[in-house]
Amino acid sequence: MLTIKRVATVVSNYQEDASESLGCGRNCLGHCCLPVSKLPLYTFKKQVKDSTEAGIEISSEGQPPAAFLNNLLLGQWEDRMHRGLFRYDVTLCETKVLPGNYGFIAQLNEGRHMKKRPTEFQVDRVLQPFDENKFNFTKIGQEEVLFRFEQSKDNNGQYFPVSPVTADSSSSNVVAINVSPIEYGHVLLIPRVLECLPQRIDHGSFLLALHMAKEAADASFRVGYNSLGAFATINHLHFQAYYLMTPFPVEKAPTQRIIRRGKLPNCGVIISKLLNYPVQGFVFEGGNSLRDLSDAVANSCIFLQNNNIPFNVLISDCGGRIFLFPQCFAEKQAFGEVRQELLETLVNPAVWEISGHMVLKRREDYENASEEYAWGLLAEVSLSEERFQEVKDYVLEAAGLKHDADMEEINERIRDGNEEDFNKPPTPRATPTLA
């Protein structure tokens, strides 16, 4: 049950006396300032075993926890907008649904191209060490933080408008604004910010992202992840999320189950592949618990990043459906295999674009946008059929579903003489080193 701890009216998150010096004086998220901060705290209760259980308890104030989280996030986000913390007003960006069968969404966002922070690392390596000398989230001001997001210690959802950071919570998970937003309510989830983790998936952080989607309990709220090499621009572990009322085209795409009926693994996770969509991808759903679903996807992501295969993740349906896209656009670009007219649009196909929300940077591209253009761009992202099949086998094994997979496809490949060594991971093409 969510409860709100009553305190005196809070005018600001930072009501310390101006004469009192705390931390380094910059009010940042580093070791100097975060441990002495009093940021708001939202705690979520531990997930019940059945991840599909939809019951929502009502707080003593008569408000569902889900509605409270949405109101909290959006209220805080709008407050930062009124305070002028964003680099541009995303609410003024033009948006339209492109005619056609898929309903691709096009947005004209000239500000994001001109004012977004540039990439500061190589794009041909998925795993790179954290570099404290480059931009990272410990350098942002606390005014950009909406609240901390932690699991409750007493299994009750609670909200504390002012909450000192204690010794056992010094490496907090924080939710902050994206100062270069794509959509309304665009935020960042930064797990264990003080640990300065590089942009790589681990089990705990991915489960945290699922908890956030689950807590929101709003189908218009999606969480995304970009690996390095798949258009993440900051090598500090983070997820993105925003609200979009229109369904993403990938959410409407047909799928084909890879795990046969009657052969589901003990964890209950179902894995399918996308059909009739320009980007090859996997869809994970089900699971006996949120952790089962999270672990299946996290294991697959860990395999991809350990084998230098860039990927993007979309968390949809309040954490109940997860799309995983291995991709190779940067690789093709390095080899000169992407059509020049697509490169000229300056669109980097990350998770939102791959899911069907095309963020365009030039008016001419926006006015001429079509389903054919969107399909052509995304087709350049996708692995070839042969390479996708190879990756699929190892993703299934990493997810713990290999032995329950549909073996007819593999047997057919063997009968056709394609008897490659299934114990060797796929080898990515050698990609030129890019600054």
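See the structure shown above.
A. Just the overall build of the protein, in detail. Along its length, the protein carries 12 helices and 16 strands. Taking all 435 residues of the protein together, the buried fraction comes to 54%. In the protein, 73% of the contacts between residues at least 6 apart in sequence involve partners at least 24 apart. With an accessible surface of roughly 18700 Å², the protein has 48% of that area assigned to carbon and sulfur atoms.

B. Representation of the environment of proline 40. Among the secondary structure elements, proline 40 is positioned in the loop between β1 (3-4) and β2 (41-44). On a C-alpha basis, the gap between proline 40 and phenylalanine 149 in space is 8.9 Å, while along the polypeptide they are 109 residues apart.

C. Geometry of the packing of aromatic side chains. This structure, assessed with the given rule, holds 21 aromatic pairs. Relative to tyrosine 184, the ring of tryptophan 77 lies with its centre 5.1 Å away and its plane at 65°, an arrangement referred to as edge-to-face. Of this pair, tryptophan 77 sits in helix α1 (residues 65-82) while tyrosine 184 sits in the loop between β7 (174-177) and β8 (187-190), placing them 107 residues apart in sequence. In this structure an aromatic cluster arises from ring pairing among Tyr42, Phe44, Phe147 and Phe149. Lying across the ring of tyrosine 366, lysine 96 places its NZ or CZ 4.5 Å from the centre.

D. Here's a closer look at the pairing of strand β4 (residues 105-108). Of the two faces of β4, both are covered, the one formed by Ile105 and Gln107 as well as the one formed by Ala106 and Leu108. Bridge count for strand β3 (residues 95-97) against β4 is three bridges, and the pairing is antiparallel. Across the sheet, threonine 95 pairs through a bridge with glutamine 107, a residue of β4. Where β4 meets strand β16 (residues 357-360), four bridges bridge the pair, whose relative direction is parallel. Bridging from a neighbouring strand, glutamine 107 pairs with valine 359 of β16.

E. Looking closely at the side chain of histidine 238. By the element assignment, histidine 238 lies in the loop between β9 (221-226) and β10 (239-243). For histidine 238, a relative accessible area of 7% translates into the label buried. At 2.7 Å, the side chain of histidine 238 and the backbone oxygen of histidine 236 are in polar contact. Contacts of histidine 238, omitting those with residues within four sequence positions, involve Phe137, Leu188, Leu189, Ile190, Pro191, Gln199 and Tyr225.

F. Layout of the pattern of salt bridges. The tally for this structure, following the rule as stated, stands at 13 salt bridges. Here aspartate 79 makes a salt bridge to arginine 83, at a shortest N to O gap of 2.8 Å. The partly exposed category is assigned to aspartate 79, whose relative accessible area is 29%. Between arginine 363 and glutamate 367 there is a salt bridge, with the nearest N and O atoms lying 3.6 Å from each other. With arginine 363 and glutamate 367 both in helix α9 (residues 363-367) and four residues apart, this pair spans about one turn of that helix. Owing to a relative accessible area of 33%, arginine 363 belongs among the partly exposed residues under this scheme.

G. Representation of the sheet that holds β3. Here three strands make up an open sheet; going across it, the order is β3-β4-β16 and the pairing mixed. At either end of the open sheet lies a strand with only one pairing partner, and these are β3 and β16. Within the sheet, the average angular offset between the axes of one strand and its neighbour, ignoring direction, is 20°.

Cut-off values and rules
- Residues numbered from 1 in each chain as written.
- Predicted model: local features only at pLDDT ≥ 70, side-chain atom pairs only at ≥ 80, totals over all residues.
- Heavy atoms only, no water.
- Helix = DSSP H or I, 4+ residues; strand = E, 2+ residues; numbered from the N terminus.
- Buried < 20%, exposed > 50% of the residue type's maximum accessible area, 1.4 Å probe, protein only.
- Contact = heavy atoms within 4.5 Å.
- Areas by Shrake-Rupley, 256 points an atom, 1.4 Å probe, with all protein chains shown as cover.
- Phe/Tyr/Trp six-rings, centres within 6.5 Å; stacked < 30°, edge-to-face > 60°.
- Lys NZ or Arg CZ within 6 Å of the ring centre and 35° of its normal.
- Pairing = 2+ DSSP bridges.
- Polar contact = N/O pair within 3.5 Å; in protein donor to acceptor, adjacent residues only side chain to side chain.
- Salt bridge = Lys/Arg side-chain N within 4 Å of Asp/Glu carboxyl O.
- Axes fitted to C-alpha atoms, helices over the stretch in contact; angles between N-to-C directions.

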